[in-house]
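Residues per chain, in single letters:
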Amino acid sequence: MASELCKTISVARLEKHKNLFLNYRNLHHFPLELLKDEGLQYLERLYMKRNSLTTLVQYYITLQKIIYTCAIGSLVKLQCLDLSDNALEIVCPEIGHLRALRHLRLANNQLQFLPPEVGDLKELQTLDISTNRLLTLPERLHMCLSLQYLTVDRNRLWYVPRHLCQLPSLNELSMAGNRLAFLPLDLGRSRELQYVYVDNNIHLKGLPSYLYNKVIGCSGCGAPIQVSEVKLLSFSSGQRTVFLPAEVKAIGTEHDHVLPLQELAMRSLYHTYHSLLKDLNFLSPISLPRSLLELLHCPLGHCHRCSEPMFTIVYPKLFPLRETPMAGLHQWRTTVSFVAYCCSTQCLQTFDLLS
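The name given to the protein in an unreviewed UniProt entry is Leucine rich repeat containing 28, with the source organism recorded as Rhinopithecus roxellana.

So, in structure tokens, the structure goes:
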């Protein structure tokens, strides 16, 4: 098998192949032969499905020390990388060096996290990280400005960073079979996002009303549970209780006519410096803590009626699930409603999902 592998790589190097198929080779280590000489720098598509890779990091011993290197980082012309169905536990930060990468498939591995450097992949269009052990997604993923298809099915996600709502090109988001109890308030606000699949997230009982009239998959959501694994704020309407994102500090009602001081201050700052917010360095950490600067850059959400940014408090309003484009919806298995998140009692009272 080793000699056959070397022959395959040698031919690809000599003939300057753009495609290399190393699927089903029972590889336990990334073949360092891929990094030798210049021939394989022409590679655009590398397929290594159904192997036994546990890492892309290799090491070699010199007289002085052990030197570690990430094998994949030097293949800078790669446009497609398929490492599905391996046993990967780590993706090294050097993945961010693959600036031409458009399609990255890491499904069916054992990843517990993705490095923030994934956000450096400005040309990335497809990311499949389904069937892993991910607890969260890197916030810098929102910097993948070309990302159109994100698949994170069958992981252990209990929340999705609100920064993902800023992805300008995202068309399809699939998060089925996780542990989600809530979704970002702005999810669906982008016109580009048309397909959202959250099937089999039993804790999830409310969808942001921005998703109304999108194509939604939510079979198996909202199943009765005894005790929530995560302590979250929630609000109730009738017999329905819906969890809110962990960042929400307060829940307003139609009887609360005065906003908290911190919320008023944040909204005032936002409107004052809105034109400068693309660069967070316009305010120093001395004048405002970094956490609040970050919140100014990416608010908790925007009012579903008037688009006013919200930072600490929301005014939720529950609507029953109605006739909308549903993908594979089985009504008897699903008890999910749409939730409008408003910025004030006035918007709460005047918002109508169907208007």
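There is more to say after this.
How should the nonpolar core be read in this particular structure?
The nonpolar side chains of a soluble globular protein tend to be buried, and buried together. By size, the foremost hydrophobic cluster in this structure holds 87 residues, and its most contacted members are Leu46, Ile72 and Leu81. Mapped by element, the contributors of at least two residues to this core are helix 1 (2-14), strand 18 (313-319), strand 19 (337-342) and helix 4 (345-350). Residue-level mapping places this core at the junction of two domains, with at least three residues from each of domain 1 (8-216) and domain 2 (233-249 + 257-268 + 283-354). Within the second largest apolar cluster, eight residues are counted, among which are Leu288, Leu292, Leu293 and Phe311.

Looking at this model, I keep getting lost on the packing of helix 2 (residues 261-273) against helix 3 (residues 290-297). Mind explaining?
Axis angle and axis distance: for two packed helices, these are the angle between their axes and the distance between the axes, and together they describe the pair. At their nearest, the axes of helix 2 and helix 3 sit 10 Å apart, and the two run at 60° to each other. As for how helix 2 packs across helix 3, the hand of that crossing is right-handed. Taken together, the residues of helix 3 that come into contact with helix 2 (itself represented by Gln262, Met266, Leu269 and Tyr270) are Leu292, Leu295 and Leu296. Tallied by class, the residues present in the contact of helix 2 with helix 3 amount to six nonpolar, one polar and no charged.

Looking at this structure, how should I read the side chain of His304?
Residue placement: His304 occurs in the loop between strand 16 (301-302) and strand 17 (309-310). In contact with His304, other than residues within four places in its own chain, are Leu185, Pro208, Ser209, Tyr210, Val339, Ala340, Tyr341 and Phe351.

Just checking my understanding: could you explain the packing of aromatic side chains for this structure?
Tallied over the entire structure, the rule returns six aromatic pairs. Between Phe21 and Tyr47 the ring centres are 4.8 Å apart and the planes differ by 5°, which places this aromatic pair in the stacked class. Linking Phe21 in strand 1 (residues 19-21) with Tyr47 in strand 2 (residues 45-47), this pair joins segments that are 26 residues apart in sequence. Their ring planes at 80° and their centres at 6.1 Å tell us that Trp158 and Phe182 sit as a pair that is edge-to-face. Placement of Trp158 in the loop between strand 8 (149-151) and strand 9 (172-174) and of Phe182 in the loop between strand 9 and strand 10 (195-197) is noted, with a sequence separation of 24 residues between them. An aromatic cluster is present here, built from Trp158, Tyr159 and Phe182 joined pairwise through their rings.

Each value, and the rule that gives it
- Sequence order sets the numbering: in each chain, residues are counted from 1 along the sequence as written.
- Confidence filtering applies because this is a predicted model: local features only for residues at pLDDT of at least 70, side-chain atom pairs given and counted only at 80 or more, and all residues used for totals across whole chains, interfaces and linings.
- By convention in this description, side-chain values take in all heavy atoms of the structure and omit both hydrogens and water.
- We call a set of buried Ala, Val, Leu, Ile, Met, Phe, Trp, Tyr and Cys residues a nonpolar core when their side-chain atoms join them within 4.5 Å.
- Burial classification: accessible surface area is computed with a 1.4 Å probe over protein chains only, and a residue below 20% of its type maximum counts as buried, one above 50% as exposed, and the rest as partly exposed.
- Secondary structure elements follow DSSP: runs of H or I of four or more residues count as helices, runs of E of two or more count as strands, with numbering from the N terminus.
- In this document the domain limits rely on a domain assignment from an automatic tool or a database.
- Think of each axis as a best-fit line through the C-alpha atoms, taken over the contacting stretch in the case of a helix, with angles from 0 to 180 degrees between the N-to-C directions.
- Crossing handedness: left-handed means the near helix sits turned counterclockwise from the far one by under a right angle, and right-handed means the same turn made clockwise.
- Contact criterion: two residues are considered in contact whenever any of their non-hydrogen atoms come within 4.5 Å of each other.
- Residues were grouped as follows: Ala, Val, Leu, Ile, Met, Phe, Trp, Tyr, Cys and Pro as nonpolar; Asp, Glu, Lys and Arg as charged; and all remaining residues, including Gly, as polar.
- Note on ring pairs: Phe, Tyr and Trp rings are taken, using the six-membered ring of Trp, and paired if centres are within 6.5 Å. Classes follow the plane angle, with under 30 degrees stacked, over 60 edge-to-face and the rest tilted.

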